[in-house]
Amino acid sequence: GAVVSQHPSWVICKSGTSVKIECRSLDFQATTMFWYRQFPKQSLMLMATSNEGSKATYEQGVEKDKFLINHASLTLSTLTVTSAHPEDSSFYICSASRLAGGFDEQYFGPGTRLTVT
Amino acid sequence: GENVEQHPSTLSVQEGDSAVIKCTYSDSASNYFPWYKQELGKGPQLIIDIRSNVGEKKDQRIAVTLNKTAKHFSLHITETQPEDSAVYFCAASKGQGGKLIFGQGTELSVKP
């Protein structure tokens, strides 16, 4: 149990275009979903926290107008990178949390490799 | 602010040896400590976690210990195998609704 999927697994887009990444919890309803960004050989950087039906909470320094998050249901969250530029190229990973024994266990998706040319 | 320090950054062991990765957290309110394994090009996989009301937890070759007084927690892998080679991340959170604060990661290499 506790499987999280992401789509697409990789995407190449041209500078100035927008890209949408989907995150789904396949076998559980997530209390919260999170979006992370990871650069090579670095730790995960939290971008935003998202709850179903409410606005996402963005971390300091993350542009909310550039990284649009929609949390449509308890099993689906999307991240749209708007007007993408080469510096947005990165590995984007989502996670979904499941309440277990009073604690939120976070399960991660397989990640999406974004390359902006 | 909240911080998690992880050591070492790289660790190389011979197959069959044990590996230990240590983390220190700053926020005494933290009460949930998961460990993740990340293979190249993949998302992190939850391998074990420990809650603040427990001092030690074991799952086959993997064990985690927690010292709340010292704000330390450690991952122990025994009888290491080449497939254990990956980057391991520790994390800490304040439980329900809390975001994870990650350590810097440890690249473990198990040589056959």
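Just above, that's the structure.
This one's a predicted model, so the numbers in the text were calculated from it and none came from an experiment. Position numbers for residues count from 1 along each chain, tracking the sequence in the order it is written. Labels follow written order: the first chain is A, the first ligand is 1, and so on. At least 70 in pLDDT is required for a residue's local features to be given in this predicted model, at least 80 for side-chain atom pairs to be given and counted, and no such filter applies to totals for whole chains, interfaces and linings, which use all residues. Heavy atoms from the whole structure form the basis of all side-chain values; hydrogens and water molecules are not counted.

A.B. asks: What's the story with the state of the cysteines in this structure? I'm lost.
C.D. replies: In a disulfide, the sulfur atoms of two cysteines are covalently bonded to one another. All names here are of chain B. Two cysteine sulfur atoms make up a disulfide if the distance between them is within 2.5 Å. A complete count under the given rule lists two disulfides over all chains for this structure. The residue that forms a disulfide with C23 is C90, at a sulfur-sulfur distance of 2.0 Å. Measuring the twist about the S-S bond at about -100 degrees, one finds the C23-C90 disulfide to be left-handed. One end of the pair, C23, is in strand 3 (residues 19-25); the other, C90, is in strand 9 (residues 86-92), and 67 residues separate them in sequence. The rule is simple: take the accessible area with a 1.4 Å probe, protein chains only, and divide by the maximum for that residue type; under 20% is buried, over 50% is exposed, in between is partly exposed. For C23, a relative accessible area of 1% corresponds to the buried category. The numbering of helices and of strands both runs from the N terminus, where a helix is a DSSP run of H or I of at least 4 residues and a strand a run of E of at least 2.

A.B. asks: In this structure, what is going on with the sheet that holds strand 3 (residues 19-25) of chain A? I would like to understand it.
C.D. replies: Two pairing modes exist for strands in a sheet, parallel and antiparallel, and in both the strands are linked by backbone hydrogen bonds. Residues and elements named next belong to chain A. Pairing between strands is defined by DSSP: at least two bridges between them are needed. Sheet architecture is open: four strands sit in the order 1-3-8-7, paired in antiparallel fashion. Every other strand in the sheet has two partners, leaving strand 1 (4-7) and strand 7 (67-73) as the edge strands with one partner each. Each strand of the sheet is rotated relative to its neighbour by a mean of 15 degrees, with strand direction disregarded. The pairing of strand 7 with strand 8 (residues 76-81) spans five bridges and is classified as antiparallel. The partner of F67 across the bridge, within strand 8, is V81. Interaxial angles span 0 to 180 degrees and are taken between N-to-C directions of axes, which are lines fitted to C-alpha atoms, for helices over the stretch in contact.

A.B. asks: Please clarify how the interface of chain A and chain B should be interpreted in this entry.
C.D. replies: A common way to state how big an interface is: give the accessible area lost once the parts meet. Only heavy atoms matter for contacts: two residues are in contact if any of them lie within 4.5 Å across the pair. Residue-level contacts link 23 residues of chain A with 22 residues of chain B. Defined here as a combined quantity, buried area equals the accessible surface (1.4 Å probe) lost by two parts on assembly, summed across both. Regarding the contact of chain A and chain B, the summed buried area is about 1700 Å², with carbon and sulfur atoms giving 55% of it. Summed over the three residues of chain A that lose the most area to chain B, namely F103, D104 and F108 of chain A, the buried surface amounts to 31% of that side. Salt bridge, as applied in this entry: a Lys or Arg side-chain nitrogen positioned within 4 Å of an Asp or Glu carboxyl oxygen. Taken together, chain A and chain B are joined by three salt bridges. Notably, a salt bridge pairs E107 of chain B with K41 of chain A, separated by 3.8 Å at the nearest N-O pair. Side-chain atoms alone can form a polar contact between residues adjacent in sequence; in general such a contact is a pair of N or O atoms within 3.5 Å, and within protein one must be able to donate a hydrogen while the other accepts it. The interface formed by chain A and chain B holds six residue pairs in polar contact (both at pLDDT 80 or more) in total.

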